[in-house]
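Observations on the three-dimensional arrangement
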Amino acid sequence: MKNRNLALFDFDGTITKEDTFIEFIKFAKGEVRFITGFGLLAPILILMKLKLYPNWRAKERVMSFFFSGTSKLEFDTLCAEFASERVPGYVRSSALQKLHFHKERGDLVIIITASFENWLAAWAKPVCDLLLGTKLEIKNNTVTGKIEGKNCYGEEKVNRLRNALDLSEFNEIHAYGDSRGDKEMLTSSTHPNFKVFK
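Reference entry: report on the structure contained in this document. What you see is a predicted model; the values in this text were computed from it and never measured. Residue positions are given per chain, counted from 1 along the sequence in the order it is written. Residue-level local features of this predicted model are given only where pLDDT is at least 70; pairs of side-chain atoms are given and counted only at 80 or more, and the full residue set underlies all totals for whole chains, interfaces and linings. Excluding hydrogens and water, the side-chain values take into account all heavy atoms of the structure.

Right, let's get into the overall build of the chain. Of the regular secondary structure elements, the chain holds nine helices and six strands. Taken over C-alpha atoms, the radius of gyration is set against a globule rule of 2.2 Å times the number of residues to the power 0.38. Relative to its length of 198 residues, the chain is compact, with a C-alpha radius of gyration of 17 Å against a globular reference of 16 Å. Considered along the principal axes of its C-alpha atoms, the chain spans approximately 55 × 35 × 35 Å. Evaluated residue by residue, the chain yields a buried proportion of 48% over its 198 residues. Throughout, a residue-residue contact means that at least one pair of heavy atoms, one from each residue, lies within 4.5 Å. Once local pairs closer than 6 in sequence are excluded, the contacts in the chain between residues at least 24 apart make up 67%. Neither His nor the chain termini are counted; the positive set is Lys and Arg, and the negative set is Asp and Glu. In plain terms, the charge of a residue is placed at NZ if it is Lys, CZ if Arg, CG if Asp and CD if Glu. Counting 29 positive and 25 negative side-chain charges, the chain places the averaged centre of each group 4 Å from the other. Per the convention used, a helix needs a DSSP run of H or I reaching at least four residues, while a strand needs a run of E reaching at least two, with both numbered from the N terminus. Relative accessibility under 20% of the residue-type maximum defines a buried residue, over 50% an exposed one, and the middle range a partly exposed one, all with a 1.4 Å probe and only protein chains included.

Cavity: a set of points on a 1 Å grid over the protein atoms alone where a 1.4 Å probe fits but cannot get out. Pocket: an open set with protein on both sides within 12 Å along at least five of seven lines, its lining residues, like those of a cavity, having an atom within 4 Å of a point. Grid points are joined across faces, edges and corners, and a volume is the space filled by probe spheres set on the points. A volume near 890 Å³ is recorded for the largest pocket. Lining the largest pocket are 28 residues, with D19, M48, K49, N55 and Y153 positioned closest to its centre. Only α1 (20–29), α2 (31–49), α3 (55–67) and β2 (108–116) provide two or more residues apiece to the lining of the largest pocket. With five residues, α3 is the largest single contributor of residues to the lining of the largest pocket. The classification used treats Ala, Val, Leu, Ile, Met, Phe, Trp, Tyr, Cys and Pro as nonpolar, Asp, Glu, Lys and Arg as charged, and all other residues, Gly among them, as polar. Split into classes, the residues belonging to the lining of the largest pocket amount to twelve nonpolar, six polar and ten charged.

Let's shift gears to a nonpolar patch on the surface. Patch members must show over 30% relative accessible area and no salt bridge, and they are joined within 9 Å when carrying like charges or within 5 Å when they are nonpolar side chains of Val, Leu, Ile, Met, Phe, Trp or Tyr. The Shrake-Rupley method, run with a 1.4 Å probe sphere, supplies the accessible areas, and residue values consider only the shown protein chains as cover. We define a salt bridge as a contact between a side-chain nitrogen of Lys or Arg and a carboxyl oxygen of Asp or Glu at a distance within 4 Å. Where nonpolar side chains cluster on the molecular surface, the patch consists of I46, L47, L50 and L52 and spans about 390 Å² of accessible area. Inspection of the secondary structure puts L52 in the loop between α2 and α3.

Our focus in this paragraph is α1. Here α1 has its buried residues at T20, F21, E23, F24, I25 and F27. Those residues of α1 hidden inside the fold are in contact with α2, α3, α4 (72–85), α5 (87–90) and β2. Within 3.5 Å is the distance limit for a polar contact, defined as a pair of N or O atoms, with the added protein rule that one can donate a hydrogen and the other accept it, and that residues adjacent in sequence qualify only through two side-chain atoms. Where α1 begins, one side-chain oxygen reaches toward the backbone nitrogen of F21, 2.9 Å away; that side chain belongs to D19. Within two residues after α1, G30 carries a phi angle of roughly 90°, on the positive side.

Moving on to α3. Every helix has an expected span of 1.5 Å times one less than the residues it contains. If you check α3, its first and last C-alpha atoms are 18 Å apart, about what 13 residues at 1.5 Å a residue would give, namely 18 Å. Looking at α3, one finds that the buried residues are A58, K59, E60, V62, M63, F66 and F67. Buried residues belonging to α3 abut α1, α2, α4, β2, β3 (130–139) and β4 (142–148).

So, on to the pattern of salt bridges. Applying the stated criterion across every chain yields a total of ten salt bridges. In this structure, K26 and E23 form a salt bridge, with 3.6 Å as the shortest nitrogen-oxygen distance. With K26 and E23 both in helix α1 and three residues apart, the pair spans about one turn of that helix. What makes K26 partly exposed here is its relative accessible area of 24%. A salt bridge links E60 to R57, with the shortest nitrogen-to-oxygen separation between them at 3.3 Å.

Judged by nonpolar contacts, the single largest core of 42 residues is most densely connected at F9, I15, F75, I111, W119 and W123. Excluding residues within four positions of it along the chain, I111 makes contact with F9, F11, I15, W123, A124, V127, C128, L130, L131 and L132. By convention a nonpolar core is built from buried Ala, Val, Leu, Ile, Met, Phe, Trp, Tyr and Cys residues, the set being connected through side-chain atoms within 4.5 Å. Counting residues in each nonpolar core, the second largest holds 15 residues, with L6, I110, C152 and L167 among its members.

Next up on the list: the side chain of D12. For D12, the location among the structural elements is in the loop between β1 (6–9) and α1. Side-chain polar atoms of D12 contact the side chain of S115, separated by 2.3 Å. Residues contacting D12, with those up to four places away along its chain left out, are E18, D19, T20, F21, T113, S115 and D178.

Pairing is mixed across the open sheet formed by six strands, whose spatial order is β4-β3-β2-β1-β5-β6. The open sheet terminates on both sides in strands that have one partner only, identified here as β4 and β6 (191–194). The sheet shows a mean angle of 25° between the axes of neighbouring strands, direction not considered. Strand pairing is assigned whenever DSSP identifies at least 2 bridges connecting the two strands. As paired strands, β2 and β3 are joined by four bridges and run parallel to one another. Of the residues in β3, the one forming a bridge with F116 is T134. Fitted lines through C-alpha atoms give the axes, limited to the stretch in contact for helices. The angle between two N-to-C directions lies from 0 to 180 degrees. Seen against the sheet, α3 touches β2, β3 and β4 and runs at an angle of roughly 175° to β4.

Pasting the structure below:
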């Protein structure tokens with residue numbers, strides 16, 4: 001018997017006002033290194049915008065450029081500091097209120113995002129029941145810069161949801177997103193909400 005609702009939230013651009021992927025790199029490497037790095041990576045990023053280069057591959061190139069060879073301990077420390085010092089300032093108050101609304105109502109709340117889980121986990125833990133994001137490959141306790149599995153974007157968001165739970169068990173599915181990467185998630189819901197937070 002269906003007796004519970006599900007609430008799905010994209011993170012960057014939906015819950016937040018900023019793209020935390022970009023902001024995390026600035027935080028970890030500083031403005032000068034960030035600008036220099038993105039200048040060198042510009043050809044790849046332009047091709048990605050023109051849809052001539054895969055989004056997931058561009059993400060790997062960026063992560064590899066800035067973080068390949070970083071120890072897991074150092075990276076985890078940076079992520080924890082970013083989650084506590086910066087993420088709260090990016091969060092839209094209206095989105096946070098809606099997160100709390102669904103939690104207090106007893107809905108199962110899931111944040112599902114293309115961002116890497118690493119720098120969101122500490123912030124997300126108190127406000128949602130489950131975080132599903134892109135996973136970063138770690139080998140020999142070192143960041144490789146590559147994605148473990150698939151980029152949690154588009155159809156992969158729905159695949160990850162279906163792997164985690166049975167969507168047919170929920171009476172209502174509320175979904176909140178803001179971009180093309182959320183289209184399949186929104187379509188799979190009973191109550192799609194596109195760019196509703198200001």
